[in-house]
Amino acid sequence: MTSESANWAFDDSKFRQLQAQLTACWQPLDCFDRAPRQILVIPSLSLDQEELRKVEGVHHYEERLLFSLLHLRNPNTSLIYVTSQPLHPSIVDYYLELLPGIPSSHAQNRLRLFSTYDGSQQPLTEKILQRPRLVERIRQCLSPQEAYMVCFNSTTWERQLALTLNIPLMAVSPALLDLGTKAGSREIFSACGVPHPQGSYLTHCVKDLAVATAQLWEQQPDLKRIVIKLNEGFSGEGNALLMLNELQGVAPGKAPHGERVVGILEALKHMRFQYVHETWEHFNRKIEELGAIAEAFIEGEIKRSPSVQGHITPFGTVEILSTHDQILGGPDGQIFLGCRFPADAAYRLALQDIGRRVGETLAQRGALERYSVDFIAVQKDDQTWELNAIEINLRKGGTTHPFMALQLLTNGSYNLEDGQFYTPQGQPKYYRASDNLQKDHYKGLLPNDLMDIIMIEQLHFNSIAGTGAAFHLMGCLSEYGKLGLTCIGNTPEEAERIYERVVTALDSETR
């Protein structure tokens, strides 16, 4: 064994020992916890940085985990939040004021903010590790027996930071990250018998991808489109559509396999990319770096994209947290824009069942913390819905923070029997959420300007009525004209009206 592999084995053993401590220091969000706890929040988007550049204002997405501040409603919990750039004071004050039943000053005293003062295109966790004095300041705030770390997604960087600070990481081990890729998702779906589209093996070579695509078409000659997916793409930005109607001359039954491969190889250069600024040269290079799969595109006149969100506890138990109908956009409706909660009653219980099966399979393999499963739902002639699972996300995602906002603002709970969320008084709640309320005339708005508009137009969340809007991604506004919000109502229609009211008010104040 080389010294490098010996060090890795030692670190891996130590990491597993630290994660075993989570059973003593972790508590679920809906638990009123009197014990002393320390939570280190590292909202690093430790993903492929070139793919991240496709998301406008992505460096502000570190703000999305600010709903973690809801842990501060537990009186003896302290929280440390680290960002690349300092957070605007108004943004922090806004979240603290949302905490129910806790004076904001009391919560403020239990919150520590740190920044790397580095806006470069590099994962936050890597920036932290490059600053040993910052690491030491964070360490001085921690009591190892009371502390644990949470993150947006887990990689070797987060693992190294947890080892350096000698605290457990409440996240999936980096050794299991393949389970959340496009190819890994398909393997899990097969293992637990979940319906999913027919697809190819993972390849890192465009010629092999053309062969795999031809084989998929031969298996399903009636296909109209095939999706080419980068193995580690996210939010649909790493997808491209191959239009088979343009390849009818080499379709199965009309040409031999070799000609079909040649035709597909040329057609790959002219696919419909879901990221509007994507080029074949760049996409081809990412195939070599990240790998790609070909997958049958599911057609349907009435089609939706629901998802289910689950949680694997340190004890290995699986909890279903929520279901959503995702709001998608882009050239072919594959890019995540937002979501509605809960998913349609026609299939939300089926989503829960499949989500639990996937979660239990992930738990058996050692996965931990949040996961979500995305689906395609197609309505059949008899009005029933056919569900196909298409992807697993082993990280917090676009449906995580809206549901945390709902928990924070209403102190309610999710009911597995009907897939609804109820306040302690028994009132069901619904929301519409988005990360992508973006318009050019919003540019130039500072967080303080947004606070003024919220107050003038009375857009703030009404804690008495339990309805209204909660905002996030406020740091994105000035440069990108982009804002996130979660609009909570007592009916789905009320949630939609609140969303439209916010848009109307912002338009009126900025035009």
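For the structure itself, consult the block above.
Residues numbered from 1 in each chain as written. Predicted model: local features only at pLDDT ≥ 70, side-chain atom pairs only at ≥ 80, totals over all residues. Heavy atoms only, no water.

A. Geometry of helix 8 (residues 156-165). Buried residues of helix 8: Glu158, Arg159, Leu161, Ala162, Leu163 and Leu165, and no others. The residue sitting at the N-terminus of helix 8 and contributing the capping side-chain oxygen is threonine 155; that oxygen lies 3.2 Å from the backbone nitrogen of tryptophan 157. Once helix 8 ends, the next one or two residues include asparagine 166, with phi positive near 60°. (Buried < 20%, exposed > 50% of the residue type's maximum accessible area, 1.4 Å probe, protein only. Helix = DSSP H or I, 4+ residues; strand = E, 2+ residues; numbered from the N terminus. Polar contact = N/O pair within 3.5 Å; in protein donor to acceptor, adjacent residues only side chain to side chain.)

B. Region of the structure containing the side chain of glutamine 274. Note that glutamine 274 resides in the loop between strand 7 (272-273) and helix 12 (280-290). A distance of 3.2 Å separates the side chain of glutamine 274 from the backbone oxygen of arginine 272, its partner in a polar contact.

C. Summary view of empty space enclosed by the protein. Within the structure shown, the criterion is met by two cavities of 30 Å³ or more. Counted as a void, the largest cavity has a volume near 80 Å³. What lines the largest cavity is a set of 13 residues, and nearest its centre among them are Ala171, Glu369, Arg370, Leu394 and Arg395. When its residues are assigned to classes, the lining of the largest cavity shows seven nonpolar, two polar and four charged. Space inside the second largest cavity adds up to approximately 60 Å³. What lines the second largest cavity is Gln27, Pro28, Leu29, Asp33, Arg37, Ile39, His71, Asn74, Thr77 and Tyr148. (1 Å grid on protein atoms, 1.4 Å probe; cavity = no way out; pocket = protein on both sides within 12 Å on 5 of 7 lines; lining within 4 Å. Points joined across faces, edges and corners; volume = space filled by probe spheres on them. Nonpolar A, V, L, I, M, F, W, Y, C, P; charged D, E, K, R; others polar.)

D. How the structure looks around unusual backbone geometry. That bond from phenylalanine 341 to proline 342 is cis: its omega, -10°, falls within 30 degrees of zero. Considering the arrangement of structural elements, one finds proline 342 in the loop between strand 12 (335-341) and helix 13 (348-364). Not every positive phi belongs to a glycine, and asparagine 411 is a case in point at roughly 60°. Even without glycine at this site, glutamine 458 takes up a positive phi of about 55°. Inspection of the secondary structure puts glutamine 458 in the loop between helix 15 (447-456) and strand 18 (468-472). Here glutamine 458 falls in the exposed class, since its relative accessible area comes to 57%.

E. Quick peek at the sheet that holds strand 6 (residues 239-243). Read across the sheet, four strands follow the order 7-6-5-8 without closing on themselves; strand pairing throughout is antiparallel. Of all strands in the sheet, those with a lone pairing partner are strand 7 and strand 8 (292-296), marking the two edges. Against the sheet, helix 9 (residues 182-191) contacts strand 5 (225-230) and strand 8, and its axis sits at roughly 50° relative to strand 8. Packed onto the sheet, helix 10 (residues 206-219) meets strand 5, strand 6 and strand 8 and runs at close to 15° relative to strand 8. (Pairing = 2+ DSSP bridges. Contact = heavy atoms within 4.5 Å. Axes fitted to C-alpha atoms, helices over the stretch in contact; angles between N-to-C directions.)

F. Summary view of the environment of leucine 223. By the element assignment, leucine 223 lies in the loop between helix 10 and strand 5. Residue leucine 223 is classed as buried on the basis of its relative accessible area, which comes to 12%. Leucine 223 sits 61 residues away from alanine 162 along the chain, and the two C-alpha atoms are 47 Å apart.

G. Quick peek at helix 7 (residues 132-140). Within the sequence span of helix 7, burial applies to Leu134, Val135 and Ile138. For helix 7, the angular spread of buried residues about the axis comes to 100°, placing them on one side. Exposed residues on helix 7 whose side chains face more than 90 degrees from its buried face are Pro132, Arg133 and Gln140. For helix 7, the secondary structure elements touched by its buried residues are strand 1 (37-42), strand 2 (77-83), strand 3 (111-115), helix 6 (124-129) and helix 8. (Arc of directions from axis to C-beta.)

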